[in-house]
Structures are given as C-alpha cells and as structure tokens.
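# A structural walkthrough
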Amino acid sequence: QFKLGRTETIRSASIQSDAFVKAALDPTTSVERKVSLMKAALDFQVETAHQTRNGQGFDRHLFGLRMMALELGLPEPELFKDETFLESKRFRVYTSQIPGFKGMMIGVAPFHSIKDGYAVLYAMRADECHYVLSSFNDCPETDCVRFASALDQSLHDLTSLVSLLPVSAKL
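Described below are features of the structure shown in this document. Keep in mind it's a predicted model, so treat the numbers as computed, not measured.

What follows covers the nonpolar core. Core analysis: the largest hydrophobic core is formed by eight residues, namely F20, A23, V35, L37, M38, A41, L161 and L165. Among the elements of the structure, α1 (15–25) and α2 (31–56) are those that each provide at least two residues to this core. Of the residues forming this core, the biggest block, four residues, is contributed by α2. Not counting residues within four places of it along the chain, the set of residues in contact with V35 comprises L161 and L165.

For the rest of this paragraph, the subject is the pattern of salt bridges. The full count for this structure, using the stated rule, is six salt bridges. D18 is paired through a salt bridge with K22; the nearest N and O atoms lie 3.0 Å apart. Here D18 and its partner K22 are both found in helix α1, four residues apart, which amounts to about one turn of the helix. Its salt-bridge partner being R92, residue D116 comes within 3.3 Å of it at the nearest N-O pair. Here the residue D116 occupies a position in the loop between β1 (93–97) and β2 (118–124), and R92 occupies one in the loop between α4 (83–88) and β1, the gap between them amounting to 24 residues. Since its relative accessible area comes to 18%, D116 is described here as buried.

Thresholds, definitions, all that
Residues numbered from 1 in each chain as written. Predicted model: local features only at pLDDT ≥ 70, side-chain atom pairs only at ≥ 80, totals over all residues. Heavy atoms only, no water. Core = buried A, V, L, I, M, F, W, Y, C linked by side-chain atoms within 4.5 Å. Buried < 20%, exposed > 50% of the residue type's maximum accessible area, 1.4 Å probe, protein only. Helix = DSSP H or I, 4+ residues; strand = E, 2+ residues; numbered from the N terminus. Contact = heavy atoms within 4.5 Å. Salt bridge = Lys/Arg side-chain N within 4 Å of Asp/Glu carboxyl O.

Limitation: the analysis is restricted to geometry and does not speak to function.
As structure tokens, this is what we get:
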C-alpha cells in the first residue's frame, strides 16, 4: 500500500508481547492465562501491522523528516541524536517474512552496523515454518546454532500451547 513499493517497520516489541513472554516462561502461570496473554499480544500485533500498512507507522515518517532537514541544509533535529531514539533503531534481531513461499529460501545479513545481531528470514505455511538465520561469525556474542535451538524450542512450546485450545477457538 506504499507508493513505489516503500516498506515500513512493524515493531513486534510491545507491552502485550512482553507480558506474554514472561508468562510463557513462568511454569506457575496457568495455561488459560498464557493463552489470554498470547491472544492480547497477537491482537495488538495484528492491529499494529494494519496501522503500519496503512501509513500509520512512524519509522518512515521520521526518516523523511531527517532527510528533509539534511537536504535543506538544516541542523539535524535533536530527536535524532537522543540516546533512546538511537537505541530504538538498533535492531539486534532483524526479521523479514517471505510471503508466498514456494520451497526455496535465501539468506539475509544482519544490519552491518550491529555486529552482535541476527537476521531471520522466514516463511509461514499452514503447518510449518521455514527460516534462515545469519549472524556475523566474528562476533563472540552471536551463535546461530544456539539461536536456532532456542527458536525451535519456542516454536514447539507455542505449538503445544495452541494445541491445548478447543478446535473452535480462534486466536
């Protein structure tokens, strides 16, 4: 829905996703509570994605403002130097979905400026998820094998949680 194929960042971190992850990792949290928090996180993510696709995201707008200031020879606005703003642009895990996956995957590199990050290219199907991971091999903090193991375990945990729902339940 963007002119000339422009994209926008759909941010997955939210208060709702944080609450769900904490509950999912807590063995004392009931299945019902985990499912409720997962549904809240998914609902928020779907709404965020919808807003972003319809031009209501903020990353591209801010990028445009920054480029306008540079092109007009104006000083860079203070917002773009703010520590919190800079950290919000530091994606340690970069993900991208491949819609219409037909069985062949290629890789994607993590952002060149984030040496301790990962890139995850993924494709969802009705009954499976395919993904390719990459990281810089000269960074001692990154380990794609360990990351893949954690991701696989998380996907299995989510599958187990969803399998406990009644067949008629809709997330």
